[in-house]
Amino acid sequence: MEINRDRIIVAVSIVFAAAYLYATGQITMLDFGDPIGPRLFPYVVCSLFVLGALILLLESRSSRRTTADDSIADAPRQSKNAQQRRSIWMIAAVLGWTLLYLLVFERLGYIISTVTFLLGLTLCFYRGRWQISLAVSALVPILGYLVFHHLLNVNLPAGLMPL
Amino acid sequence: METFDHILNGFAVCLQPTNLLFTFVGVLLGTIIGVLPGIGSAAGIALLLPATFGMDPTAALIMICGIFYGAKYGGSTAAVLIRTPGDASSVMTSLDGYEMARKGRAGAALAIAAIGSFIAGSMGVVALTVFAVPLSSAALKFGPAEYFMLLLFAMTCVSSLAGKSLGKGILSAGLGLMLATVGIDLQSGQQRYVMGIIELQDGVNFIIVSVGMFAVAQVLRGLESIYRGDAAQAMKINGPLWLTREEWRRSIGPVWRGGIIGFLIGILPGAGGTISAIMSYVTERRLSKNPESFGKGAIEGVAGPEAANNADTAGAMVPLLTLGVPGGSTTAVLLGAFIMFGLQPGPLLFQERPDLVWGIVDSMYIGNLILLILNLPLIALFTRLLYIPNGLLYPLILTISVIGAFAVNLSTFDLYIMLIFGLLGYVFEKLEIPIPPLLLSLVLGEMMEQSFRRALTISNGDATVFVGSQICVVLLIMSVISLLGPFGWSQLKRLRVFQSLLSSNRPSDKPEIGAGNAK
């Protein structure tokens, strides 16, 4: 499992380095004023990146020779994999909910969007105590707005709520 | 004599009521950030940086540095009570500190953590005061080539020491450098890797990346542990909040030794507080007459590592202030904070702004004293933060992260960047790719490129300029050793002959770090 992961990292890194290399070639060079040019340093960085990928490949090969991951039985492994899949779906749901929050952040305003966002998350992860979730989700954004907007001069979006 | 005047003037600066207030605010916030498990000092500083916009630079930097060393004090609380280090460098404290708490000696563990931190932290600041001037004077001889090699050395150290795999460390550093090249090139004015997105013309902001990779990623991991039902529960403090005479006698040696170890390791780029704490723990275990008691509630296992990780912060300030080179992710964020205020740490800052430099250094004496006063009588109050349900805490951290990221440029685009880097930080953690090399490279990338191009311009494109002086050659050799040393050592250890040599000559005296950290 570990070896496969490292191989995937190496493959993704090589593809990323190739894309970076292509983009570096597209940078316009000027004939005057800058003898070194804006491409040289990125080329050096790209070489370093590829070197890192090659070292990782070497490390994954030598670890394959010395370790064998046969100690975990099939049943616990399947259960672990199922749990990991569920976790991935949970993380995807949280990221999706956060993205939705960011999309409406300016339109709805800081307070309305944050109250809704917090309420959704706390109801999911602090189950059974909806009164506390509701109180925290309503009060903290208002307190946050007062502190950041008025005390620290951070201009948070007002959105639909006239503030 | 002139230096002595500057040091005294530094006290005059840091004792001004405003600066004193911000020292207090900084160490208080640092303690709170340290107590809360998962939010390290790097994320804490990155989150609070936007709040310092418009502040006087001296007051702001005194406060930010206060958060840095204050977090080390607070980190021990979570380590002792829930066996999860609040700050990564408290990982060793969780081994014996938690066992002490189970035996009803949580108060003693927290007290020695605070006292040890104070003694070693103050020792570290004295050493910082002594070493700062000679080092900054030596750094004045550095030209662009030497500076480039110095930055390269810092980066190689962090890449090779930050994780288990050298390859992953280099990939992380390389990605950070790639991100640093995004935006308008300072010398030619050409756009690079902007992809038609106007917001990327100014580059990728390190605050946004720090908030994403540290705070947002930690929230994702925390919510995942709640979902899996393996979130840690805090223990109650039982017993007296003070040490017995015997415990004090056993602790004083580890505190002194931890202070020295921590400061020396702190100076090295890449090593950081965690390695200081591990080194101190291993040293104490070797010196102990009862090494078998370690891991079962030995107070030496709390006193030494806690002292070491606090002295480490003063050590880490040496290369940051004198050379302008950070050695880890928190000092990289600190360097970013200096640059944000238009200040470049290094030898010239000692000449141009001695009031600011010595004001910050001297505020660390005051800050350590405030931390001792705060942490001994108020420890019961801080521990209450650990009883905040994680299901409420993590969503709140996420909304604070959003405010922090939005406040940088008042742009929603930055929030998307933050979310992307939050996901990347989560994936990095799962794949065991170290994050500090990426952040360090992102902060240092621009300076590194400018030094690189300036050195080549001066030498008319001759690359031998990077081995053209003794300083360059020494730094190059040190970079190669730091990069290939751990890799070569790990390859050597794989040889069967060497393995048999190691097993016959040395008992297994390394603590099981992973085990302590995972629980």
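Please read all numbers here as calculations on a predicted model, not as lab measurements. (Residues numbered from 1 in each chain as written. Chains lettered and ligands numbered in written order. Predicted model: local features only at pLDDT ≥ 70, side-chain atom pairs only at ≥ 80, totals over all residues. Heavy atoms only, no water.)

**Q** Residues and numbers for the overall build of chain A, please.
**A** Each helix and strand in chain A was counted, giving five helices and zero strands. Reading the secondary structure of chain A in the N-to-C direction produces α-α-α-α-α. In chain A, 55% of the contacts between residues at least 6 apart in sequence involve partners at least 24 apart. Summed over all atoms, the accessible surface of chain A reaches about 9,900 Å², with 66% contributed by carbon and sulfur. (Helix = DSSP H or I, 4+ residues; strand = E, 2+ residues; numbered from the N terminus. Contact = heavy atoms within 4.5 Å. Areas by Shrake-Rupley, 256 points an atom, 1.4 Å probe, with all protein chains shown as cover.)

**Q** Which residues make up the packing of aromatic side chains, and what are the values?
**A** Taken as a whole and judged by the stated rule, the model has 16 aromatic pairs over all chains. Between the aromatic rings of Phe16(A) and Phe49(A), the centroid separation amounts to 6.0 Å while the plane-to-plane angle is 55°, which identifies the pairing as tilted. With Phe16(A) in helix α1 (residues 2–25) and Phe49(A) in helix α2 (residues 40–66), this pair connects stretches of sequence that are 33 residues apart. For Phe16(A), a relative accessible area of 39% gives the class partly exposed. By the ring-pair criterion, three or more aromatic residues cluster together here, those being Trp97(A), Tyr101(A), Phe105(A), Tyr110(A), Phe117(A), Tyr145(A) and Phe406(B). (Phe/Tyr/Trp six-rings, centres within 6.5 Å; stacked < 30°, edge-to-face > 60°. Buried < 20%, exposed > 50% of the residue type's maximum accessible area, 1.4 Å probe, protein only.)

**Q** Summarise the interface of chain A and chain B; cite the residues concerned and give the values.
**A** One frequently used descriptor of interface size is the decrease in accessible area upon assembly of the parts. Each side of the interface is counted separately: chain A has 66 residues, and chain B has 58 residues. A buried area of about 5,700 Å², summed over both sides, lies between chain A and chain B, and 79% of it is on carbon and sulfur atoms. Contact with chain B buries surface across chain A, with Phe41(A), Leu102(A) and Phe125(A) losing the most and accounting together for 13% of the total. At the surface where chain A touches chain B, the tally comes to one salt bridge. Notably, a salt bridge pairs Asp6(A) with Lys168(B), separated by 3.2 Å at the nearest N-O pair. Run the count over chain A and chain B and you get twelve residue pairs in polar contact (both at pLDDT 80 or more). Taken together, the elements giving at least two residues each to the side of chain A that touches chain B come down to α1, α2, α3 (74–108), α4 (110–125) and α5 (130–151) of chain A. Among the elements that take part in the side of chain A that touches chain B, α2(A) stands out by supplying 17 residues, more than any other. (Buried area = accessible area lost by both parts, 1.4 Å probe. Salt bridge = Lys/Arg side-chain N within 4 Å of Asp/Glu carboxyl O. Polar contact = N/O pair within 3.5 Å; in protein donor to acceptor, adjacent residues only side chain to side chain.)

**Q** Mind laying out a nonpolar patch on the surface, listing which residues take part and the relevant values?
**A** The grouping of Val467(B), Val473(B), Leu476(B), Ile477(B), Val480(B), Ile481(B) and Leu484(B) at the surface amounts to a nonpolar patch, some 550 Å² of accessible area in total. Inspection of the secondary structure assignment puts Leu484(B) in helix α20 (residues 470–494). (Patch = residues over 30% accessible without salt bridge, like charges linked within 9 Å, V, L, I, M, F, W, Y side chains within 5 Å.)

**Q** Got a sec to walk through the environment of Pro354(B)? Specific residues and values, please.
**A** All names here are of chain B. For Pro354, the position within the fold is in helix α15 (residues 354–375). The class for Pro354 is buried, based on a relative accessible area of 14%. Here the alpha-carbon distance between Pro354 and Ile7, two residues 347 residues apart in the chain, equals 8.4 Å. Other than its neighbours up to four places away in sequence, Pro354 contacts His6, Leu349 and Gly359.

**Q** Now, about helix α12 (residues 300–323) of chain B: what can you tell me, with residues and values included?
**A** Residue and element names in this part refer to chain B. In this model α12 runs 35 Å from its N-terminal to its C-terminal C-alpha over 24 residues, within 8% of the 34 Å that 1.5 Å per residue would give. The buried fraction of α12 is high, at 24 of 24 residues. Immediately beyond the C-terminal end of α12, within one or two residues, lies Gly324, with a positive phi of roughly 75°. (Expected span 1.5 Å × (residues − 1).)

**Q** Residue-level account of the side chain of Thr122(A), with values.
**A** Its location among the elements puts Thr122(A) in helix α4. There is a polar contact of 2.8 Å between the side chain of Thr122(A) and the backbone oxygen of Leu118(A). When residues no more than four places from it in sequence are discounted, the contact partners of Thr122(A) are Arg127(A), Ser133(A), Ser137(A), Gly391(B), Leu392(B) and Pro395(B).

**Q** Explain the confidence of the model for chain B to me, using residue names and the numbers behind them.
**A** Keep in mind that low pLDDT regions are not for reading the predicted coordinates in detail. When pLDDT is averaged along chain B, the result is 85; 91% of the residues meet or exceed 70. In this model, residues 504–519 of chain B is a region of pLDDT below 50 whose contacts with residues beyond four sequence positions or in other chains number 22 contacts. (pLDDT = per-residue confidence, 0-100.)

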